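Spelled out from the first residue to the last, the chains are:
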Amino acid sequence: MTAEIGPPKSANPEIVRRYARLLREHGDAFNVTDNQTAIVRMSSFASALICLQEGAEPIMQMTCRDRNRIALQSDLLGASALGVRNVLCLSGDHQTFGNQREAKNVYDIDSTQELQMFKMMRDERRILGDDELEEGPKMFLGAVENPFADPFEFRVARLAKKVSAGADFVQTQAVFDMERFERWMSAARDRGLDRKVHIIAGVVPLKSLGAANYMKKKVPGMIVPDHIIERMRKATDAKSEGIRICVEQIEHLMTIKGVHGVHIMAVNWEEKVPEIVEKANLHPRPPP
Amino acid sequence: MIVADKKPLSELFENVEGCKRILVAGCKSCVAICLVGGEKEVGLLAESLRLFSDLNSKGWEVSEYTVERQCEKEWVREMHQSVQDIDAVVSIACGVGAQTMQELYPDKRILPGLNTSNMGAPDEQGIFLEKCGGCGDCILHLTGGICPIVRCAKSLLNGPCGGSQNGKCEIDPETPCAWEQIYDSLKRLGRLDLMEKIIPPKNWIPSRSGGPRKIVRPEAVLTPEEKETKEGIN
């Protein structure tokens, strides 16, 4: 059971502290996003440390958009030294989505190479170029995969690629299209990937009909089927309906063979995570 | 070919401010193909400058010259006489051409008249697409003949990101996803196995990250004696 803590557009640590305290009992670990949608926020590194101070286990997201291999390797060592134990490797949203459209992006390496590099640092105590590390980072390595992006036939192969690169766990893009997700899982099982990596299915609780439509139309690589939109449209209390849909999705996902957990992305709605987890009968969480 | 675009006239008018005698220098190569820097465009720009000058009593004297290739000294030397009494040259060649001009005529103000964009190709009439990033270490044999370095917005080397949908890139619904194109190409070629191989981190030394690049073809380099002989002939 993982959830997300979005760092604030602020230097105020209290915002992260508040979310960490609010969520820590209702999840096993929490993704701390890295300037998500290319909007400048408190860094994932700093926010992850604040989570640690509050007793919430952070998953530090590290995109390839803003850091080259020097900075990525260096930050991984630093994060490990300060007690961060999980990292999520991803390419990151393109800068043209955010509030720094004129920025020059980095993309020195991609997310698959990032995984491979981190695995080498951890398991072989070597950095790129083969220099040795006196002590390697202690990190559980995460990847992302989007079963709803194209080409669909390649999406499982890409998962396999990330597994062989070093992923210990994989979080997926939000699942709304259950049929497509099941097809993807089935193909993943056919390749035995569910036994090599912990697959954690993503969900997003919908706050309103507007949010559902926005995700359907504006978020790249997202599929929101019409029956979900319909339910949100007909609901007298859209917020409760959004929570209900999310809980049903979690219950369904947990029945799919090979799904190892659920990742709740309650963007700007973090306070609802405890309720969702409780309603899905996933609370209390087992001790680590 | 090198693809470039016109600078706004307002910017050019501002840049030539204070100059009297202006030469518009074009190039018959790439920039002529992409319709911004050939003989015809030299004429049009010169006319615009003259018109602006007349309307605003600037008193500019505008002349024109178009060479075969503005990036090669041999051709640029042709302009020698025309450049003599000039205050400024508006070069509507690519940035390479403009710099070759500056090198040959170091005392003249060379003003860029174009924004040089990329190494690309005409897609259809009037439409030019970027194709090559000049990374110095070509991997087209691994990617079905499609370059992910410039045609993927994130220069990814191991497949499409999560934003690829319906064959389009996440940054723009008009832009094709390069990795979808690579996938389709490798599928046609029966080489989908290449999609499964991890391409390791790229060596960017042969690219811009290694500093300005220099390529030497030793067999073509002249000895000091040969250079002297050549100058004698010329």
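The structure displayed is predicted, hence computed values, not measured ones. (Residues numbered from 1 in each chain as written. Chains lettered and ligands numbered in written order. Predicted model: local features only at pLDDT ≥ 70, side-chain atom pairs only at ≥ 80, totals over all residues. Heavy atoms only, no water.)

Trainee: Please set out the interface of chain A and chain B residue by residue, giving values where relevant.
Mentor: With 35 residues of chain A at the interface, the matching set in chain B holds 28 residues. Buried area between chain A and chain B, summed over both chains or domains, comes out near 2500 Å², and the portion from carbon and sulfur atoms is 50%. When residues of chain A are sorted by the area they lose upon contact with chain B, A:Gln113, A:Asp150 and A:Lys161 head the list and together hold 22% of the total. The tally of links between chain A and chain B comes to one salt bridge. Note that B:Glu196 and A:Arg191 form a salt bridge whose closest N and O atoms lie 2.7 Å from each other. Applying the counting criterion to the chain A and chain B interface returns 21 residue pairs in polar contact (both at pLDDT 80 or more). For the side of chain A that touches chain B, the elements supplying multiple residues, two or more each, are helix H4 (111-123) and helix H5 (152-165) of chain A. (Contact = heavy atoms within 4.5 Å. Buried area = accessible area lost by both parts, 1.4 Å probe. Salt bridge = Lys/Arg side-chain N within 4 Å of Asp/Glu carboxyl O. Polar contact = N/O pair within 3.5 Å; in protein donor to acceptor, adjacent residues only side chain to side chain. Helix = DSSP H or I, 4+ residues; strand = E, 2+ residues; numbered from the N terminus.)

Trainee: Explain the nonpolar core to me, using residue names and the numbers behind them.
Mentor: Residues A:Phe118, A:Phe181, A:Ile250 and A:Ile264 are the most contacted members of the largest nonpolar core, which totals 84 residues. At eight residues, H5(A) tops the list of elements feeding residues into this core. Residues within four places of A:Phe118 in sequence aside, it is in contact with A:Met62, A:Leu72, A:Gln73, A:Leu76, A:Val87, A:Cys89 and A:Leu141. By size, the runner-up hydrophobic cluster in this structure holds 25 residues, among which are B:Leu12, B:Val62, B:Ala93 and B:Leu111. (Core = buried A, V, L, I, M, F, W, Y, C linked by side-chain atoms within 4.5 Å. Buried < 20%, exposed > 50% of the residue type's maximum accessible area, 1.4 Å probe, protein only.)

Trainee: I'd love a proper account of the sheet that holds strand S6 (residues 169-174) of chain A, names of residues and values included.
Mentor: All names here are of chain A. The eight strands are arranged S1-S2-S3-S4-S5-S6-S7-S8 in a closed barrel whose pairing can be described as parallel. Here the average twist between neighbouring strands, direction ignored, is 30°. In terms of strand pairing, strand S3 (residues 58-63) meets strand S4 (residues 86-90) through four bridges, oriented parallel. When the bridges of S4 are listed, Thr 63 appears paired with Leu 90. Where helix H1 (residues 13-23) meets the sheet, its contacts fall on strand S1 (2-5) and strand S2 (29-32), and the angle it forms with S1 comes to roughly 165°. Along the sheet, helix H6 (residues 178-190) contacts strand S5 (140-145), S6, strand S7 (198-203) and strand S8 (259-264); its crossing angle with S7, the most-contacted strand, is approximately 170°. (Pairing = 2+ DSSP bridges. Axes fitted to C-alpha atoms, helices over the stretch in contact; angles between N-to-C directions.)

Trainee: If you had to explain a negative patch on the surface to someone new, which residues and values would you point to?
Mentor: Together, B:Glu225, B:Glu226, B:Glu228 and B:Glu231 give the surface a local cluster of negative charge. Tracing the chain through its elements places B:Glu225 in helix H10 (residues 224-233). (Patch = residues over 30% accessible without salt bridge, like charges linked within 9 Å, V, L, I, M, F, W, Y side chains within 5 Å. Areas by Shrake-Rupley, 256 points an atom, 1.4 Å probe, with all protein chains shown as cover. Lys, Arg positive; Asp, Glu negative; His and termini not counted. Charge placed at Lys NZ, Arg CZ, Asp CG, Glu CD.)

Trainee: Tell me what's going on with the sheet that holds strand S4 (residues 88-91) of chain B, and back it up with residues and numbers.
Mentor: All names here are of chain B. Judged by pairing direction, the sheet is parallel, and its four strands sit side by side in the order S3-S2-S4-S5 without closing on themselves. The open sheet has two edge strands with one neighbour each: strand S3 (61-67) and strand S5 (109-112). When the angles between neighbouring strand axes are averaged without regard to direction, this sheet yields 25°. As paired elements, S4 and S5 share four bridges and run parallel to each other. Bridging across to S5, Val 90 finds its partner in Leu 111. On top of the sheet, helix H1 (residues 9-16) reaches strand S2 (21-27), S4 and S5; it is set at about 170° to S5, its chief contact.

Trainee: Requested: an account of the domain arrangement of chain B, with residues and values cited.
Mentor: The domain boundaries assigned to chain B delineate domain 1 (2-118) and domain 2 (133-210). Taking only C-alpha atoms, the centre of domain 1 of chain B and the centre of domain 2 of chain B are 37 Å apart. (Domains from an automatic or database assignment.)

Trainee: I'd love a proper account of empty space enclosed by the protein, names of residues and values included.
Mentor: Residue and element names in this part refer to chain B. Scanning all chains against the criterion turns up one cavity of 30 Å³ or more. In this structure, the largest cavity occupies an estimated 120 Å³ of space. Forming the boundary of the largest cavity are 15 residues, of which Cys 152, Ala 153, Cys 161, Cys 169 and Cys 177 lie nearest the centre. Among the residues forming the lining of the largest cavity, the class breakdown is 10 nonpolar, two polar and three charged. (1 Å grid on protein atoms, 1.4 Å probe; cavity = no way out; pocket = protein on both sides within 12 Å on 5 of 7 lines; lining within 4 Å. Points joined across faces, edges and corners; volume = space filled by probe spheres on them. Nonpolar A, V, L, I, M, F, W, Y, C, P; charged D, E, K, R; others polar.)

Trainee: Residue-level account of the pairing of S2(B), with values.
Mentor: Residues and elements named next belong to chain B. The element S2 is largely enclosed, with a buried count of six among its seven residues. Direction of pairing for S2 relative to S3: parallel, over a ladder of seven bridges. Each residue of the ladder has a partner; that of Leu 23, found in S3, is Ser 63. Judged from the four bridges that link them, S2 and S4 form a sheet pairing that is parallel. Residue Val 24 lies in a different strand from S4, and its bridge partner there is Val 90.

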